[in-house]
Every structure is written in structure tokens, then in C-alpha cells.
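Per-entry structural report
Each chain, written out:
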Amino acid sequence: MSRHGVHRLPRSGRPRRKALALGVIGASVVTGIVATMMPLLAADDTSIQAVADTTATRVSQDGDNAAKTTLATCAARCDGNPRGARDAVIRFAVTTLPATAVNVRATLRVHSWRSFAATVTAHASPVDAAVPRPAPVTPGPAVDTVTGVRPGFNEWDVSPLVTGNGTVTLALAQTGLETRIYWASTENRDPELRPRLMLSYDLGDRPAPNPTTAAATPPTPPTPSASPSASTRPTPTASPSRPSPRPTPSASTGSGRCGEVSPELVPACGAWWGMYSPTSAADGWDHGRAVAEVEEQVGRQFDIVHRYHDFSGTGSNGAFPDPYQREQMREGRMMFFAWESRIFSSGKVLTWADVYGGRYDATIDAVAGRIRDTGVPVFMGFDHEPEDEPEKGTDAEFVRAWRYVHDRFAAAGAQNAVWVWTMMGWSGHYDRYAGLYPGDRYVDWVAYDPYNFHVCNGSKVWKSPSTTIGNFYRWLDEHGIGAGKPRMLAEFGTNFDTADPAAKRRWFEEFPAALKAHPKIKAAVYFNSPGMTTSTASCNMTMNHDAAALAGFARAGQDAYLRQPTPGGR
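Throughout, a residue's number is its position along its own chain's written sequence, starting from 1. Confidence filtering applies because this is a predicted model: local features only for residues at pLDDT of at least 70, side-chain atom pairs given and counted only at 80 or more, and all residues used for totals across whole chains, interfaces and linings. The basis for every side-chain value is the complete set of heavy atoms in the structure, and neither hydrogens nor water enter the calculation.

**Examining the overall build of the protein chain**
Stated formally: By the criteria applied, helices consist of DSSP H or I runs no shorter than four residues and strands consist of E runs no shorter than two, each listed in order from the N terminus. Partly exposed describes any residue whose relative accessible area lies between the buried limit of under 20% and the exposed limit of over 50%, with all areas from a 1.4 Å probe on protein chains only and scaled to the type maximum. Pairs of residues are marked as contacts when any of their non-hydrogen atoms sit within 4.5 Å. Surface accessibility in these figures is a Shrake-Rupley result with a 1.4 Å probe; residues are shielded only by whichever protein chains are displayed.
For the protein chain, the count of helices and strands is eleven helices and 23 strands. Looking at the 570 residues of the protein chain, the share that counts as buried comes to 58%. Within the protein chain, residue pairs in contact and separated by at least 24 positions form 81% of the contacts whose partners lie at least 6 positions apart. As presented, the protein chain carries roughly 21,400 Å² of accessible surface, and 53% of it is formed by carbon and sulfur atoms.

As C-alpha cells, then:
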């Protein structure tokens with residue numbers, strides 16, 4: 001998720017691109033991976049641009065007949081004209097679905113610039129989308145409806161119309177508002193705004209089952225406490241004390257006997273199980289208790305504790321490791337320090353040019369010294385999700401800043417820093433990731449942040465764990481970025497489904513099988529905070545918001561695949 005709460009500041013006036021894209025490419029039901037069957041492989045999400053579009057209307061053209069950069073919809077009575085109806089008609093050519101594709105999910109995405117109190121319904125259409133201003137016809141059966149048009153991309157689940165390769169023509173029909181709504185067309189000069197059909201699917205010789213009965217429920221853990229939420233103004237804490245160093249593990253990276261751990265903190269077998277759990281002023285900024293309470297609920301200690309830090313150089317935000325983290329390390333947990341080039345308390349955003357220009361050398365060197373003095377390997381990140389940070393600089397400037405920070409750590413003797421490069425993993429940025437990669441010499445782990453947002457960010461589809469984590473995983477395989485390096489889910493999460501109260505629990509129970517089907521993922525860290533979403537009656541991304549979800553998460557954490565011995569022991 002993009003910045004929110006203590007460590008994440010929302011971008012004013014900009015759409016939440018990742019939330020939309022990651023939330024829409026998914027399954028409409030939990031199709032599941034169960035322990036007694038070979039898991040199906042989920043395909044990459046595919047974005048298909050429209051090949052033709054038009055506005056169907058009986059209203060005569062007023063003005064030029066050139067290509068239009070907008071489509072229009074309007075009710076039967078439109079702007080006072082009783083015959084002024086307009087339908088937006090869009091045609092797509094689907095050509096990339098393999099013969100073994102099953103559980104195809106298709107989402108139509110069309111961009112509006114304003115909000116409208118209108119209902120817009122997607123239908124199959126026989127209209128030729130290549131004909132200028134054809135007459136409207138009676139549409140086919142309704143496929144999906146949007147009630148209340150919002151600025152940005154609006155989405156319709158049109159999966160029933162996409163059963164294989166071929167041509168798909170859709171019409172958007174408007175009711176409830178008797179004035180025109182304009183949408184971006186295929187001729188819009190901004191290609192990012194043009195209509196798209198987003199496809200995802202599973203691969204297998206048979207369709208994935210659609211369970212109708214819930215899996216066996218493990219014993220219900222204690223009723224969870226109120227979901228933790230991030231806040232924005234942590235108070236300073238006392239200076240940390242130095243813990244006793246422990247031996248550095250010596251297993252080779254990603255290989256060796258089960259139970260061994262490499263110097264880069266890669267378990268020889270299975271994967272690490274981690275947690276980000278925020279605290280607040282109401283809880284006394286007790287970062288230790290924030291994690292311990294969740295551990296009590298799930299009945300185990302987490303392997304990785306993830307925290308976000310800033311460049312302030314003071315308090316728990318900037319002077320890290322803090323006493324809580326030192327105690328957690330002494331108890332055998334691994335730390336993941338996600339270091340952000342900003343000041344949390346003031347909201348100030350720093351630039352990458354200032355970082356590599358030497359302006360913050362004293363801050364960098366102080367942190368490097370404290371990391372070195374821990375005497376144990378720790379995960380270290382710099383500016384996670386930089387593709388969503390345009391105010392900090394260009395992609396090339398991010399790479400230069402990353403290398404600069406990395407090299408200053410090396411010069412300070414902080415060789416125990418294990419560098420984790422964390423991206424959003426959104427398909428809309430696939431063309432940028434090669435330019436954001438600092439290089440193999442500067443990166444130890446490759447990480448990304450996948451989510452099953454469901455309705456939290458306006459989508460309607462539900463993604464299985466395998467679909468949630470699989471798309472960017474396969475893209476990395478195909479493009480060779482970070483080849484041979486372990487992968488991490490630096491953040492992951494899921495919403496619940498109001499129509500299926502057991503869905504979130506099953507999602508968690510199926511998660512270990514999804515990890516086993518993606519064996520390069522050697523660590524998964526749950527982001528237990530609402531993040532950029534708002535908790536509502538239909539949206540809560542925390543793992544302990546109800547007893548069923550908590551039971552599923554607890555059961556996942558007991559899977560032997562996620563019970564690997566840590567370097568510090570238990």
C-alpha cells in the first residue's frame with residue numbers, strides 16, 4: 001500500500017493507481033488452493049486496449065466529424081431532448097487467452113473526469129463500434145452496474161462475456177441522470193486514460209473448484225482487540241542500548257539443509273512469516289506491545305517484525321533500532337527496517353537528489369553505525385514503492401540515491417544490512433521496473449506488495465491468494481530482474497467479503513499453499529493496518545478484525561512451511 005498513517009502520507013489529488021489495478025484483476029469467488037490437489041497456476045493480468053469505440057445516438061452531429069477523444073452516455077431524455085439517449089459502445093479483440101485458461105475474470109475500465117449521481121450499466125452490444133454515431137439498439141442483458149460515477153476509472157465485471165478468444169463488444173447505458181457523462185475514448189491523447197479490458201485467469205487441465213462448504217474451523221483464538229491503526233505523530237523515545245551480538249548464520253544463499261539460514265537471511269526451506277503492526281499515542285507508542293498482542297492472538301512468535309522509519313534521526317521514527325526492536329532481536333526475531341526519505345511528524349518529503357548530493361550524510365552514517373552495532377543481519381529497505389513517489393525525483397535519481405545509501409553503509413562497516421528492494425508490483429509500472437532496479441550488487445532480496453482489496457478501493461472482484469501474489473512473480477521470472485535472488489512479500493493483505501463471511505478465513509487458510517506454489521517467495525509480511533483504505537462495513541484489511549479471520553490467519557501461521565528456525569532461535 002502507498003503511504004498512510006505514521007509512515008505513509010496520502011498523495012493529495014492523485015488517484016490510487018495501485019489499489020485500483022491490484023484490486024480489479026482477481027477471481028469473483030475464492031477458487032482456492034487446497035492441500036489435497038495440485039494448485040492451478042494463475043496467469044499474469046493482461047490489459048487489452050479497445051480496438052474501436054463510438055457513441056451510439058440519434059442526435060445529429062453538431063460540429064466536426066473528426067475522431068472524438070471522448071465517448072458519451074445519457075439517459076433516454078437527455079438535456080431536454082426526449083430522443084437524446086447516448087450509449088458508449090466499445091469493442092475489444094481478445095487474442096491471448098491460452099486453451100487451458102479457466103476461471104477467466106474480465107473487468108471493463110473506463111475513465112470519467114467527474115462524479116455523477118447516475119447509474120451506468122454494461123451490456124453486450126450488437127452495434128458496430130467502428131461506425132461513427134450509429135443508432136442505439138436495444139441492449140443485451142445487463143452484465144454489471146455502477147451506481148454513482150466517480151472521477152477516474154470506473155469498473156464493470158464483464159466476465160460472463162469473455163469465455164475465450166474473440167471479439168467482445170460492450171455498451172454502457174445510463175439511467176437516473178438526464179444529462180451527458182463524458183468518458184475517455186480510444187482516441188484520447190493520454191493513452192493511460194483509454195478504455196481497457198483487464199483479464200486474469202488460471203491455468204490448468206480442469207477448472208478450479210468452487211467450494212460450497214467451509215473448511216474445518218480450527219479452535220477459535222481469543223476475541224481480537226480493536227484493530228490497531230497508524231497515527232501521525234510518534235513521540236521520541238530514549239536512546240537504545242546495545243544488545244549482545246549473536247553468531248552470523250553461514251548457510252549458502254537459498255540452499256543447504258532445512259533449518260539452515262544464509263548470511264542474507266534466506267531460509268533453506270519454507271518461508272519466514274512476518275508482521276507489520278502499528279501503534280498509536282493511545283497505546284503509548286509501545287511498538288513492542290503492538291506486535292506481542294498479535295502474537296498472543298495467533299499463538300506464535302513472528303519471524304520478521306516490519307517497521308517504517310524516517311530521516312528525522314530522533315525518537316523511534318528516526319533513531320533506530322529503538323529499544324523495542326533491540327528487545328525483539330534478543331528474543332529471536334529478525335528486523336525489517338523500511339527507511340523512508342521523509343519526516344513523518346511534519347510530512348516533509350525529501351528528494352533523492354538531496355540524498356545522493358550529501359545533504360543527509362550525517363543521518364545516513366548515524367543509522368549505518370547503529371545497524372552495524374547490532375551485530376546481526378537485519379533487513380534494510382530504502383524508499384519502498386518508489387514508483388509512487390514522483391515528488392522525490394526520477395527513476396534514475398532513485399537508483400542513484402539507493403546506491404549512495406548502500407555504499408555509505410558499506411563504508412561504515414554495516415555489512416550486516418540485507419538490502420530489500422520493494423516495488424508495488426503493479427502492471428501499470430511494468431515498463432519502469434528495469435529502470436528502478438539498482439543492480440544485483442546493490443540488492444539482496446526483491447520484494448513487492450500484493451493485496452486483495454476487493455471492495456475497499458472500488459473494485460468488485462475477489463482474488464485468490466495465488467492470483468494475488470502470482471502476477472508480479474511471473475513477470476519477474478519472464479524479465480529476469482533480480483534473477484536468482486529470494487523474493488519477499490514486504491506487505492500483503494486481504495479484505496473480507498460481506499456476501500461470504502467465511503471467505504477471509506479461507507483466504508488465509510489457502511495462503512500457505514499459494515506460497516508453496518511460488519517457491520522463490522521466502523518471506524511474507526502481513527500489513528495489519530487499514531493503510532490507504534478506510535475501515536467500513538464492507539472494508540477492513542486487518543487480519544484480526546473478527547474471530548473467523550483471526551482463526552484463519554492463526555492456522556496459516558502454524559503451517560510447517562512457515563515454521564522455520566530463525567537465526568536467533570525461538
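**Topic: the side chain of Thr279**
Our working rule: Under this definition, polar contacts are N or O atom pairs within 3.5 Å; protein pairs additionally need one hydrogen-donor-capable and one acceptor-capable atom, and for neighbouring residues in sequence, both atoms have to be side-chain atoms.
Take Thr279: it is sitting in the loop between β13 (272-276) and α2 (287-298). A relative accessible area of 3% places Thr279 in the buried class. Of the polar contacts made by the side chain of Thr279, one reaches the backbone nitrogen of Asp286; its length is 3.4 Å.

**Details of the sheet that holds strand β10 (residues 166-175)**
Strand pairing in a sheet is mediated by backbone hydrogen bonds. Such pairs are either parallel or antiparallel. Filter applied, for reference: By the convention used here, strands pair only if DSSP detects at least 2 bridges between them. Axes, fitted as lines to C-alpha atoms, cover a helix only where it is in contact. Angles between the N-to-C directions of the axes lie from 0 to 180 degrees.
Taken together, the five strands give an open sheet; going across it, the order is β3-β5-β10-β7-β8, and neighbouring strands pair in antiparallel fashion. Each having just a single partner strand, β3 (52-57) and β8 (142-149) make up the two edges of the open sheet. The sheet shows a mean angle of 20° between the axes of neighbouring strands, direction not considered.

**So, the pattern of salt bridges**
Which entries qualify depends on this criterion: Salt bridges are defined as contacts in which a side-chain nitrogen from Lys or Arg sits within 4 Å of a carboxyl oxygen from Asp or Glu.
Using the criterion set out here, one finds 26 salt bridges in the structure. Among the ionic pairs, Glu260 bridges to Arg257, the shortest N-O distance being 3.2 Å. Of the residues examined, Arg257 reaches a relative accessible area of 63% and is grouped as exposed. A network of salt bridges, in which partner residues are shared, links Arg342, Asp383, Glu389 and Lys392.

**Here we look at the packing of aromatic side chains**
Note the following rule: Here a pair means two rings of Phe, Tyr or Trp (six-membered ring of Trp) with centres within 6.5 Å. Their orientation is stacked below 30 degrees between planes, edge-to-face above 60, and tilted elsewhere.
What the rule picks out here adds up to 39 aromatic pairs. Judged by centre distance (6.2 Å) and plane angle (10°), the rings of Phe382 and Phe398 are stacked. In this pair, Phe382 is assigned in strand β18 (residues 378-382) and Phe398 in helix α7 (residues 395-411), connecting sequence segments 16 residues apart. The buried category is assigned to Phe382, whose relative accessible area is 2%. Here Phe398 falls in the buried class, since its relative accessible area comes to 0%.

**Overview of the packing of helix α9 (residues 465-479) against helix α10 (residues 503-516)**
The following threshold applies: Any angle from 65 to 115 degrees is called roughly perpendicular, while one under 35 is roughly parallel, one over 145 is roughly antiparallel, and all others are oblique. Each residue is assigned to one class: nonpolar for Ala, Val, Leu, Ile, Met, Phe, Trp, Tyr, Cys and Pro, charged for Asp, Glu, Lys and Arg, and polar for all the others, Gly among them.
One can describe the packing of α9 onto α10 by two numbers: an axis separation of 8 Å at closest approach and a directional angle of 40°. The angle between α9 and α10 places the two elements in the oblique class. The residues of α10 that touch α9, namely those facing Pro465, Ser466, Thr468 and Ile469, are Trp507, Glu510, Phe511, Ala514 and Leu515. Partitioned by chemical class, the residues of the contact of α9 with α10 number six nonpolar, two polar and one charged.

**Quick look at the environment of Leu562**
When you line up the elements, Leu562 lands in the segment after α11 (547-557). Residue class for Leu562 comes out buried when judged on its relative accessible area of 0%. For the pair formed by Leu562 and Gly270, sequence separation is 292 residues and the distance between their alpha carbons is 6.0 Å.

**Some words on the environment of Arg257**
With respect to the helices and strands, Arg257 occurs in the loop between β12 (196-203) and β13. Residues Arg257 and Ala268 lie eleven residues apart in sequence; the distance between their C-alpha atoms is 6.1 Å.

**Re unusual backbone geometry**
A cis amide bond links Phe320 to the next residue, Pro321, at an omega of 0°. Phi is positive for Arg133, close to 50°, though the residue is something other than glycine. In this fold, Arg133 is placed in the loop between β7 (116-124) and β8. Using a relative accessible area of 28% as the deciding quantity, one classes Arg133 as partly exposed. Despite not being glycine, His454 shows a phi value in the positive range, around 55°. For His454, the position within the fold is in the loop between β21 (451-452) and α9. Residue His454 is classed as buried on the basis of its relative accessible area, which comes to 6%.

**Focus on the nonpolar core**
Stated formally: Residues belong to a common nonpolar core when they are buried Ala, Val, Leu, Ile, Met, Phe, Trp, Tyr or Cys residues joined through side-chain atoms within 4.5 Å.
One finds Ile371, Met380, Phe409, Trp421 and Tyr433 to be the most contacted residues of the largest nonpolar core, which totals 75 residues. For Trp421, the contacting residues outside a window of four places in its chain are Phe398, Trp402, Tyr433, Leu436, Tyr437, Pro438, Val443, Trp445, Val446, Ala447 and Ile481. Among the nonpolar cores identified, the runner-up in size contains 30 residues, and Val110, Ala118, Val162 and Ile181 belong to it.

**Observations regarding the state of the cysteines**
What makes a disulfide is a covalent bond joining the sulfur atoms belonging to two cysteines. Definition in use: Note on disulfides: each one is a pair of cysteine sulfur atoms within 2.5 Å.
Taken as a whole and judged by the stated rule, the model has three disulfides. Bridging Cys74 to Cys78, the disulfide has an S-S length of 2.0 Å. Disulfide Cys74-Cys78: torsion about the S-S bond near 95°, hence right-handed. The burial state of Cys74 is the same as that of Cys78; both residues are buried.

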